[in-house]
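Chain by chain, the residues run as shown.
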Amino acid sequence: WYQRRVRDIKLEDAETEDKTEELTCPFALNLLKEIKEYQNLHGLKHDDYQRYRQYCSRRLHRIYKGLKFLHGSKKFTNKKITPDLFVKDIRYMQIILLQAERAWAYAMDLKQFANTESRKQVHLIAKLKKAVLYAAELESNCVSLKCDTTTQLEAKAYHYYMTGVLLFEQGNWQKAVVSLSAAQKIYNKLADAVEDSELYREKHDEMTPKVQYCMYNIQSMGVENTQGEDGEGLFQELDSIIANKATKSAAAVREIKWEGKSFTISNDDIKIQLVQMEDNIQLAKECSDHDKRLELYEEILSACRDITQQIKKGDKSDSVELMTDYFTHLRIKNTVDRFLAMAQQVADKLAGVVETRTGSKIARPEDLVRLYDIILQNYADMRDVTSLDKDGDTYQMIHVNTLFYRTKRCFYIAECHLGQSNWLNAIVLYDKCTEHIEQTVQGANASKSSKTQPMVEDLQVLSKQIYSQRCSAHASAFLQTQLVEEEMKEISSDKNKDVGRKFGRI
């Protein structure tokens, strides 16, 4: 039914073409940017599709009221958005976009339960069909009203993406890979054509795992022509619209450049794991939930180990050692990031920024000393990776990071002694920590890397804290000395009195 509806929309556009010939849309809507803003601010950072769907419903209701485009108070009256309404206000275009997003979010919410309840899968497909309908309507209106080229291409890519997601869920791999690859092609060309290309490249990369999974299923079925006749015609049409260049297939060889060298990955399983791992790395950087972030790092480390084992077993190329060293370096780097996240959590608890939950372990400086020991050991292991360029930026950053976290470790050892009232030991360690700060700053300045600037700023704050804690330790040590002297005087005076009384008795 949704295919018939798409065909009807195109027929209606053809019938009204002579009526809307003089109408042109004065607005340019950056569809992908608007969608990303909706999603990032309303739940999709945490995969909360229900919250995003509810936001779309509320936003639609507000737009309906603002435009006075209501559907009746008692009885529902369906109102169609005509091209002349598009020209009057850009919010009519947002209505169709939000309707598509709401249907898609509903489908993704249902997908979480589709494996256990078969009825949810049927409902999911129905919602995706509705999303495809709205996407087709949005594209046809943008084309018929002669919107700017970027808006038309984004609407076309959005339609292909929604169609690809629907076909993917239906298991129609050959048609799904055609639609998703078409959307990727448009986003790739838009990224090359406009200045703000990061969003388009992110969207392109977001679809890559789906395309690779489709390609894997098509190849497992023994189909040689993965695109089919429809796909070939579609790509010829896209080439005539955006550029006369062919894009690389999603299953093409993946090339990685590292330490002035490059190697290629042709194994499909490794490529899929690599894409998933890169997504998890990005999610871990953006995640605010501490437990979720640690889970993501566990998945990343597991993927690194699996990829390294697959390379050692199956790959017989000359670059096996380079590939193994790259993924070893990546594993150690993410191990360091994982322990740094744990150290930050403990430091926040010590500073009182994060409240300690009832029943959980109380944070102590000793915990940070242990974590920084592990981090320093990992940097020592990273330095032993054979393919690292000893004169390169990566090796210099390892040296600077080692100095930086050695300083941190020394500071928290001093804090341990301070907490145990070992004032003299704490003072000596604070002095040693000051020496470490000077060495770290010298190393950071010598590296001439922008990554060291946050370290230098952190060390400036730490230096002030060391000065404060050292003064406190000095005062406590002096006070303890005075108290000991007073106690000794009292003891000696008591002894003299006892001796005097004894002589008096004699």
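Since the model is a prediction, treat every value here as computed from it, not as a measurement. (Residues numbered from 1 in each chain as written. Predicted model: local features only at pLDDT ≥ 70, side-chain atom pairs only at ≥ 80, totals over all residues. Heavy atoms only, no water.)

1. A short note on the overall build of the protein
Across its full length, the protein carries 17 helices and two strands. Each of the 506 residues in the protein was classed as buried or not, and the buried ones make up 44%. Of the contacts made within the protein by residues no fewer than 6 positions apart, 67% connect residues no fewer than 24 positions apart. Surface exposure of the protein reaches about 28,800 Å², of which carbon and sulfur atoms provide 48%. (Helix = DSSP H or I, 4+ residues; strand = E, 2+ residues; numbered from the N terminus. Buried < 20%, exposed > 50% of the residue type's maximum accessible area, 1.4 Å probe, protein only. Contact = heavy atoms within 4.5 Å. Areas by Shrake-Rupley, 256 points an atom, 1.4 Å probe, with all protein chains shown as cover.)

2. Some thoughts on the packing of helix α7 (residues 149–170) against helix α9 (residues 198–220)
Axis separation between α7 and α9 bottoms out at 12 Å; the angle between their running directions is 25°. When the interaxial angle is binned, α7 and α9 end up roughly parallel. The two elements α7 and α9 meet at a crossing, and its hand is left-handed. Counting all contacts with α7, which are made through Thr150, Glu154, Tyr161 and Phe168, the residues of α9 involved are Tyr200, Lys203, Glu206, Met207, Lys210, Tyr213 and Cys214. (Axes fitted to C-alpha atoms, helices over the stretch in contact; angles between N-to-C directions. Parallel < 35°, antiparallel > 145°, perpendicular 65-115°, else oblique. Left-handed = near helix turned anticlockwise from the far one by under 90°.)

3. Description of helix α14 (residues 365–383)
Each α-helix winds once per 3.6 residues, and so residues spaced three or four apart point in a common direction. Here α14 is 19 residues long and its end C-alpha atoms lie 27 Å apart, about the 27 Å a rise of 1.5 Å per residue gives. Residues of α14 that are buried: Pro365, Asp367, Leu368, Val369, Leu371, Tyr372, Ile375, Leu376, Asn378, Tyr379 and Met382. On its buried face, α14 sits against α13 (320–351) and α15 (393–419). (Expected span 1.5 Å × (residues − 1).)

4. Let's talk about the pattern of salt bridges
A full pass over the atoms with the stated rule returns eleven salt bridges. Sharing partners across several salt bridges, the network here consists of Lys36, Lys203 and Glu206. (Salt bridge = Lys/Arg side-chain N within 4 Å of Asp/Glu carboxyl O.)

5. Notes on the environment of His436
As for its position among the elements, His436 is in helix α16 (residues 423–447). On the basis of relative accessible area, His436 is assigned to the buried category, the value being 8%. Spatially, the C-alpha atoms of His436 and Phe404 are 7.9 Å apart, while their sequence positions differ by 32 residues. The residues contacting His436, other than those within four sequence positions of it, are Arg406, Thr407 and Cys410. Only 3.3 Å separates the side chain of His436 from the side chain of Arg406, close enough to count as a polar contact. (Polar contact = N/O pair within 3.5 Å; in protein donor to acceptor, adjacent residues only side chain to side chain.)

6. Thoughts on the nonpolar core
Among soluble globular proteins, nonpolar side chains are generally buried collectively. Formed by 68 residues in total, the largest nonpolar core has its most connected members in Ile95 and Trp104. For this core, the secondary structure elements donating two or more residues are α2 (31–41), α3 (49–67), α5 (91–111), α6 (118–144), α7, α8 (173–193) and α9. With 13 residues, the single largest contributor to this core is α5. In this view, Ile95 contacts Leu60, Ile63, Tyr64, Leu67, Phe69 and Ile81; residues no more than four positions away in its chain are not counted. (Core = buried A, V, L, I, M, F, W, Y, C linked by side-chain atoms within 4.5 Å.)

7. A closer look at the layout of surface pockets
The space that makes up the second largest pocket amounts to roughly 1,400 Å³. Contributing to the lining of the second largest pocket are 42 residues, with Leu340, Tyr379, Asn401, Tyr405 and Met455 lying nearest its centre. Those elements that provide at least two residues to the lining of the second largest pocket are α12 (290–314), α13, α14, α15 and α17 (453–505). In terms of residue count, the dominant contributor to the lining of the second largest pocket is α13 (14 residues). Considered class by class, the residues forming the lining of the second largest pocket number 26 nonpolar, six polar and ten charged. (1 Å grid on protein atoms, 1.4 Å probe; cavity = no way out; pocket = protein on both sides within 12 Å on 5 of 7 lines; lining within 4 Å. Points joined across faces, edges and corners; volume = space filled by probe spheres on them. Nonpolar A, V, L, I, M, F, W, Y, C, P; charged D, E, K, R; others polar.)

8. Section: unusual backbone geometry
Positive phi values are uncommon outside glycine, yet Asp47 reaches one of about 60°. Summarising the element assignment, Asp47 is placed in the loop between α2 and α3. Accessibility expressed as a relative area gives 47% for Asp47, which makes it partly exposed.

9. Looking at the packing of aromatic side chains
By the definition in use, this model includes 15 aromatic pairs. Here the aromatic rings of Tyr38 and Tyr55 are separated by 6.0 Å at their centres, their planes lie at 55°, and the arrangement is tilted. Remark: Tyr55 occurs in helix α3 and Tyr38 occurs in helix α2; sequence separation between them is 17 residues. For the pair Tyr379 and Tyr405, a centre-to-centre distance of 6.0 Å together with 15° between the ring planes defines the contact as stacked. Highlighted residues: Tyr379 in helix α14 and Tyr405 in helix α15, separated in sequence by 26 residues. Stacked on the ring of Tyr106, the Lys or Arg Arg53 has its end atom at 4.2 Å from the ring centre. (Phe/Tyr/Trp six-rings, centres within 6.5 Å; stacked < 30°, edge-to-face > 60°. Lys NZ or Arg CZ within 6 Å of the ring centre and 35° of its normal.)

10. Here's the deal with the packing of α2 against α5
Orientation of α2 relative to α5, taken along the N-to-C sense of each, is 50°, at an axis distance of 12 Å. Of the possible angle classes, the one that applies to α2 and α5 is oblique. For the element pair α2 and α5, the recorded crossing hand is right-handed. Facing α2, whose interface residues are Leu31, Glu34, Ile35, Tyr38 and Gln39, α5 presents Gln94, Leu97, Leu98, Glu101 and Trp104.

11. Re a negative patch on the surface
Together, Glu198, Glu202, Asp205, Asp279 and Glu286 line one region of the surface with negative charge. Elements that contribute at least two residues to the negative patch include exactly α9 and α11 (268–286). In terms of residues, the negative patch owes the most to one element, α9, which gives three residues. Mapped onto the elements of the fold, Glu202 is located in helix α9. (Patch = residues over 30% accessible without salt bridge, like charges linked within 9 Å, V, L, I, M, F, W, Y side chains within 5 Å. Lys, Arg positive; Asp, Glu negative; His and termini not counted. Charge placed at Lys NZ, Arg CZ, Asp CG, Glu CD.)

12. With respect to α2
Among all positions in α2, only Leu31, Leu32, Glu34, Ile35, Lys36, Tyr38 and Gln39 are buried. Positive phi appears at Gly43, one or two residues downstream of α2, with a value of about 115°.

13. Description of the confidence of the model for the protein
Chain-level statistics for the protein give a pLDDT mean of 78 and a share of 78% at 70 or above. Mean pLDDT per element in the protein: helix α1 (residues 2–15) is the minimum at 49, and α14 is the maximum at 90. Confidence over residues 11–26 falls short of pLDDT 50; this stretch has 14 contacts with residues more than four positions distant or in other chains. Note on residues 242–252: pLDDT is under 50 here. Beyond four places in sequence and across chains, it has 23 contacts. (pLDDT = per-residue confidence, 0-100.)

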